[in-house]
Amino acid sequence: MAVPFYGRASAAVFSPLESLSRSELVVRRLTDAIALGLLPDAEQLPGELDLAGIFGVSTVTVREALSVLRSEGLIETRRGRGGGSFVRTPEDGISHLARRRLDGFSLGELRDLGDVYAAICGASAALAARRSSPEDVDRLRRVADALADAEKPDARRRADAQFHIEVAAAAQSPRLYHEEVSLQAEFGTLLWLAFGDDDSHAQMVRSCRAVVAAIADRDPHAAREAAEQRVADSTARLIDYQLSEAAS
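Residues numbered from 1 in each chain as written. Predicted model: local features only at pLDDT ≥ 70, side-chain atom pairs only at ≥ 80, totals over all residues. Heavy atoms only, no water.

Peer 1: Would you take a moment to explain the packing of aromatic side chains for this structure?
Peer 2: Aromatic ring pairs: the centre-centre distance and the angle between the two ring planes describe each pair. Throughout the structure, instances matching the rule amount to one aromatic pair. Sitting over the face of the ring of Phe 86, Arg 78 holds its NZ or CZ atom 3.8 Å from the ring centroid. (Phe/Tyr/Trp six-rings, centres within 6.5 Å; stacked < 30°, edge-to-face > 60°. Lys NZ or Arg CZ within 6 Å of the ring centre and 35° of its normal.)

Below you can see the structure in the form of structure tokens.
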């Protein structure tokens, strides 16, 4: 059976897991995909046998993972003709999933994730400055414009995530691209909790355009610096958000 994909980033969702026979990893992979919007609301998942083959696990493991996702309200299973498991995006979008994920991180772990994410984004931007085509730069400018024009928080979050992924694609490094998508799922969804108000949005648009300008100018050093600073600013906002939530 051919497996449907849902955009340029989806290959990382359905690649083999790093560790086999653990339903928690399947749950995390699919939850991340739902949070990122790579698996849109009402989309049908591949069948249990197909998922087992894709992830390299047993059908029992897949069944356990789907049971957890059902209990968390992230999928629903329909019987009969046209049945299967279908995505159910939470009513509050990714916020509920991200807040629940954030509770499991210490400040030190968030800083560490921010450092790793900044390194990946910086490397991608530097390579994009060396390797991107004029078409890549035009696409980055369009995504930057979409971010600037976005008015609602969810639209801003989607545009920001798409920008990171497009920079990684312009770097023409499959491994960096995969790491960007993985970290976007693991950490990017957390950063969105502290992103979306007008002030942070304006700052993110400015930093986005700085990355694009450096890539267009073929300046790897400036591109790396702008991309790393972009993530550092977002990480600082997230830590402030976590501290304010803990104090409230």
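Peer 1: Before we go on, may I ask you to explain the packing of helix H5 (residues 107–131) against helix H9 (residues 198–216) in this structure?
Peer 2: Any two packed helices are characterised by the angle at which their axes cross and by the distance between the axes. Look at H5 against H9: their axes get within 7 Å of each other, and the N-to-C directions meet at 35°. Across the interface between the two elements, Ala 125, Ala 128 and Ala 129 from H5 touch Val 211, Ala 214 and Ile 215 from H9. A class-by-class count of the residues in the contact of H5 with H9 yields six nonpolar, no polar and no charged. (Axes fitted to C-alpha atoms, helices over the stretch in contact; angles between N-to-C directions. Helix = DSSP H or I, 4+ residues; strand = E, 2+ residues; numbered from the N terminus. Contact = heavy atoms within 4.5 Å. Nonpolar A, V, L, I, M, F, W, Y, C, P; charged D, E, K, R; others polar.)

Peer 1: Help me understand the nonpolar core in this model?
Peer 2: Proteins that are soluble and globular tend to have nonpolar side chains buried together. Residues Leu 110, Phe 163, Phe 187, Leu 190, Val 211, Ile 215 and Leu 238 are the most contacted members of the largest nonpolar core, which totals 45 residues. Elements represented by at least two residues in this core include exactly helix H4 (95–102), H5, helix H6 (134–149), helix H7 (153–170), helix H8 (174–191), H9 and helix H10 (220–247). The greatest single-element share of this core, amounting to ten residues, is contributed by H5. Aside from chain neighbours lying at most four places away, what touches Ile 215 is Ala 125, Ala 128, Ala 129, Ser 132, Val 137, Leu 140, Val 167 and Ala 223. Core analysis: the next-biggest nonpolar cluster, separate from the first, contains 27 residues, Leu 51, Leu 66, Ile 75 and Leu 97 among them. (Core = buried A, V, L, I, M, F, W, Y, C linked by side-chain atoms within 4.5 Å. Buried < 20%, exposed > 50% of the residue type's maximum accessible area, 1.4 Å probe, protein only.)

Peer 1: What is the right way to read the environment of Ala 210 from this model?
Peer 2: Mapped onto the secondary structure, Ala 210 falls in helix H9. For Ala 210, a relative accessible area of 36% translates into the label partly exposed. For the pair Ala 210 and Ala 227, spaced 17 residues apart in sequence, the C-alpha separation works out to 8.4 Å.

Peer 1: For this particular structure, what's the right way to read the packing of H5 against H8?
Peer 2: Running from N to C, H5 and H8 point in directions that differ by 140°, and their axes come no closer than 10 Å. Judged by the inter-axis angle, H5 sits oblique to H8. The handedness of the crossing between H5 and H8 comes out as left-handed. On the side of H5, the interface is formed by Leu 110, Leu 113, Gly 114, Val 116, Tyr 117, Ile 120, Cys 121, Ala 123, Ser 124 and Leu 127, while H8 contributes Leu 176, Glu 179, Glu 180, Leu 183, Gln 184, Glu 186, Phe 187, Leu 190 and Leu 191. (Parallel < 35°, antiparallel > 145°, perpendicular 65-115°, else oblique. Left-handed = near helix turned anticlockwise from the far one by under 90°.)

Peer 1: Explain the pairing of strand E1 (residues 75–78) here, please?
Peer 2: In this sheet, strand E2 (residues 84–87) lies alongside E1 in antiparallel orientation, the contact comprising four bridges. Considered in E2, the bridge of Ile 75 is made with Val 87. (Pairing = 2+ DSSP bridges.)

Peer 1: I tried to follow the side chain of Arg 230 on my own but got confused; where do I start?
Peer 2: On the secondary structure map, Arg 230 appears in helix H10. A polar contact of 2.8 Å, which involves the side chain of Arg 230, links it to the side chain of Asp 160. Ignoring anything within four residues of it in the chain, the contact list for Arg 230 reads Leu 147, Asp 160, Phe 163, His 164, Met 204, Ser 207, Cys 208 and Val 211. (Polar contact = N/O pair within 3.5 Å; in protein donor to acceptor, adjacent residues only side chain to side chain.)

Peer 1: Just to check I follow, could you spell out unusual backbone geometry for this structure?
Peer 2: For residues other than glycine, phi is negative in most cases, and the peptide bonds are mostly trans. Phi is positive for Ala 42, which is not a glycine, with a value near 75°. Inspection of the secondary structure puts Ala 42 in the loop between helix H1 (23–36) and helix H2 (48–55). Its relative accessible area of 45% is what places Ala 42 among the partly exposed residues. Positive phi is not limited to glycine here, since Arg 218 has a value of about 60°. Of note, Arg 218 is situated in the loop between H9 and H10.

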